[in-house]
Amino acid sequence: YFMTGEIPNNQIDHIDGDRGNNKWANLREATALINAQNRRAPSKLNKTGFLGVYRHPVNGQFRAQITVNKKKRHLGLFPTPELAYAAYVSAKRLYHEGNTL
C-alpha cells in the first residue's frame, strides 16, 4: 500500500525467499499457492537439511518428493542428499510456477 497507494489483492512474496530483504525490487504480489511454492528452506522437522529430501527409513537412501496439485510425487531414491535435492529442484522448476530457485 505504501509503495503503490493500492491495497494488494493477494499476499506479498519475497522473491529471493529472504523475509528480511524488503527492498521494493524483491517484493511481488502473489497468490498463497505461489508464495508457498517459493519456499527455500526445509521445515525444522526435516533432518536432511534439504527442501524436498527425506531419508528412506528402510534402505537409508535419500528420497526426493514434491507436492503438485495437493498430491505428493515421488521423484526417486538417491545415494546422497545433494543428488536428491538436484532432482527436487529440477521438478520444482517444472511444476511450481512461483518458484525462483
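Values in this document were obtained by computation on a predicted structure and should not be read as measured data.

**A closer look at the overall build of the protein**
Okay, so step 1: A tally of regular secondary structure across the protein gives two helices and five strands.
Okay, so step 2: Listing each helix as α and each strand as β along the protein from the N terminus yields β-β-α-β-β-β-α.
Okay, so step 3: In terms of C-alpha radius of gyration, the protein reaches 16 Å, well past the compact-globule figure of 13 Å for 101 residues.
Okay, so step 4: When the 101 residues of the protein are sorted by exposure, 29% land in the buried category.
Okay, so step 5: Expressed as a percentage of contacts within the protein between residues at least 6 apart in sequence, the contacts between residues at least 24 apart total 26%.
Okay, so step 6: For the protein, the exposed surface amounts to about 7200 Å²; the carbon and sulfur share of it is 54%.
Okay, so step 7: Averaging the positions of the 15 positive and the 7 negative side-chain charges in the protein gives two centres separated by 13 Å.

**Thoughts on the nonpolar core**
Okay, so step 1: Core analysis: the biggest nonpolar cluster contains six residues, these being Leu-51, Ile-66, Val-68, Tyr-88, Val-89 and Ala-91.
Okay, so step 2: Elements supplying a minimum of two residues to this core: strand E4 (62–68) and helix H2 (81–95).
Okay, so step 3: Here the element with the most residues in this core is H2; it accounts for three residues.
Okay, so step 4: If we skip the residues at most four places from it in the chain, Ile-66 touches Lys-71, Lys-72, Arg-73, Leu-75, Tyr-88, Ala-91, Lys-92 and His-96.

**Here we look at the pattern of salt bridges**
Pairing between side chains of opposite charge can happen when their charged atoms approach one another.
Okay, so step 1: Within the structure shown, the criterion is met by one salt bridge.
Okay, so step 2: Ionic pairing is found between Arg-28 and Asp-13, a salt bridge with its closest N-O pair at 2.8 Å. Separated by 15 residues along the polypeptide, Arg-28 in strand E2 (residues 27–30) and Asp-13 in strand E1 (residues 11–14) bring together distant segments of the chain.
Okay, so step 3: Judged by relative accessible area, which is 23%, Arg-28 ranks as partly exposed.
Okay, so step 4: Its relative accessible area of 3% is what places Asp-13 among the buried residues.

**As for a nonpolar patch on the surface**
Okay, so step 1: A cluster of nonpolar residues, Tyr-1, Phe-2, Met-3, Ile-7 and Trp-24, forms a patch on the protein surface that exposes about 740 Å² of accessible area.
Okay, so step 2: Looking at the secondary structure, you find Met-3 in the segment before E1.
Okay, so step 3: By relative accessible area, Met-3 is classed as exposed at 55%.

**Side note on the pairing of strand E5 (residues 71–78)**
Okay, so step 1: Pairing of E4 with E5 involves seven bridges; the strand directions are antiparallel. For Phe-62, the partnering residue across the bridge sits in E5 and is Phe-78.
Okay, so step 2: Taking the residues between adjacent antiparallel strands as the criterion, E4 and E5 are bridged by two residues, where Asn-69 takes a positive phi near 55°.

The rules behind these values
- Residues numbered from 1 in each chain as written.
- Predicted model: local features only at pLDDT ≥ 70, side-chain atom pairs only at ≥ 80, totals over all residues.
- Heavy atoms only, no water.
- Helix = DSSP H or I, 4+ residues; strand = E, 2+ residues; numbered from the N terminus.
- Rg over C-alpha atoms; globule rule 2.2 N^0.38 Å.
- Buried < 20%, exposed > 50% of the residue type's maximum accessible area, 1.4 Å probe, protein only.
- Contact = heavy atoms within 4.5 Å.
- Areas by Shrake-Rupley, 256 points an atom, 1.4 Å probe, with all protein chains shown as cover.
- Lys, Arg positive; Asp, Glu negative; His and termini not counted.
- Charge placed at Lys NZ, Arg CZ, Asp CG, Glu CD.
- Core = buried A, V, L, I, M, F, W, Y, C linked by side-chain atoms within 4.5 Å.
- Salt bridge = Lys/Arg side-chain N within 4 Å of Asp/Glu carboxyl O.
- Patch = residues over 30% accessible without salt bridge, like charges linked within 9 Å, V, L, I, M, F, W, Y side chains within 5 Å.
- Pairing = 2+ DSSP bridges.

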